[in-house]
Amino acid sequence: MNREVTLPLIVDDRGTLQVAAADVSKLLRTVGGRWVRLVEAGEEGLDEDTVAALTIELAKLADRIDVACIAHSSGGAP
């Protein structure tokens, strides 16, 4: 069964605006991937080690979001 879980990661002052956690984790991975491709293409002004470190941290955050969603959808503790 395919279930989509939406967690209120971003809300307005009334608590109505929500962004799907899957969209956030995908965005984090996409940003990191684009940075890596820019470095690989020789983009000036980007430090390869810094980009690698930031990309790893974005992936870790995306992983934590994904794990929280899995726990939530399976009825586990967040």
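Residues numbered from 1 in each chain as written. Predicted model: local features only at pLDDT ≥ 70, side-chain atom pairs only at ≥ 80, totals over all residues. Heavy atoms only, no water.

Peer 1: Looking at this model, I keep getting lost on the pattern of salt bridges. Mind explaining?
Peer 2: Applying the stated criterion across every chain yields a total of 3 salt bridges. Asp-63 is the partner of Arg-29 in a salt bridge, and the nearest nitrogen-oxygen pair spans 2.8 Å. One end of the pair, Arg-29, is in helix H1 (residues 21-40); the other, Asp-63, is in helix H2 (residues 48-73), with 34 residues separating them in the sequence. With relative accessibility at 36%, the residue Arg-29 sits in the partly exposed group. Salt-bridge contacts for Glu-57 lead to Lys-60; the nearest nitrogen and oxygen are separated by 3.3 Å. Linking Glu-57 with Lys-60, this pair stays in helix H2, spanning 3 residues, or about one helical turn. Given the relative accessible area of 43%, Glu-57 is considered partly exposed. Put simply, Arg-29, Asp-63 and Asp-66 are held in one network by salt bridges that share partners. (Salt bridge = Lys/Arg side-chain N within 4 Å of Asp/Glu carboxyl O. Helix = DSSP H or I, 4+ residues; strand = E, 2+ residues; numbered from the N terminus. Buried < 20%, exposed > 50% of the residue type's maximum accessible area, 1.4 Å probe, protein only.)

Peer 1: Can you help me understand the packing of H1 against H2 in this one?
Peer 2: Think of two packed helices as two axes; the pair is described by the angle between the axes and how far apart they sit. Packing of H1 against H2 leaves a shortest axis separation of 9 Å and a crossing angle of 165°. When the axes of H1 and H2 are compared, the pair comes out roughly antiparallel. In this structure, H1 crosses over H2, and the sense of that crossing is left-handed. Here Ala-21, Val-24, Ser-25, Leu-28, Arg-29, Val-31, Gly-32, Trp-35, Val-36 and Val-39 of H1 lie close against H2, whose contacting residues are Glu-48, Val-51, Leu-54, Thr-55, Leu-58, Ala-59, Leu-61, Ala-62, Asp-63, Ile-65, Asp-66 and Cys-69. The residue makeup of the contact of H1 with H2, split by class, is 15 nonpolar, 3 polar and 4 charged. (Axes fitted to C-alpha atoms, helices over the stretch in contact; angles between N-to-C directions. Parallel < 35°, antiparallel > 145°, perpendicular 65-115°, else oblique. Left-handed = near helix turned anticlockwise from the far one by under 90°. Contact = heavy atoms within 4.5 Å. Nonpolar A, V, L, I, M, F, W, Y, C, P; charged D, E, K, R; others polar.)

Peer 1: I tried to follow a negative patch on the surface on my own but got confused; where do I start?
Peer 2: Where like charges cluster on the molecular surface, the negative patch consists of Glu-40, Asp-47, Glu-48 and Asp-49. Checked against the element boundaries, Asp-49 lands in helix H2. Overall, the relative accessible area of 60% leaves Asp-49 in the exposed class. (Patch = residues over 30% accessible without salt bridge, like charges linked within 9 Å, V, L, I, M, F, W, Y side chains within 5 Å. Areas by Shrake-Rupley, 256 points an atom, 1.4 Å probe, with all protein chains shown as cover. Lys, Arg positive; Asp, Glu negative; His and termini not counted. Charge placed at Lys NZ, Arg CZ, Asp CG, Glu CD.)

Peer 1: Please explain the side chain of Ser-25 as it appears in this structure.
Peer 2: Tracing the chain through its elements places Ser-25 in helix H1. In this structure Ser-25 touches Ala-62, Ile-65 and Asp-66, once residues within four positions along its chain are discounted.

Peer 1: Mind showing me how you'd approach the environment of Leu-46 here?
Peer 2: Structurally, Leu-46 can be placed in the loop between H1 and H2. Residues Leu-46 and Val-36, spaced 10 residues apart in sequence, show a C-alpha to C-alpha distance of 9.6 Å. With residues near it in sequence (within four places) discarded, Leu-46 still touches Leu-38, Val-39 and Val-51.

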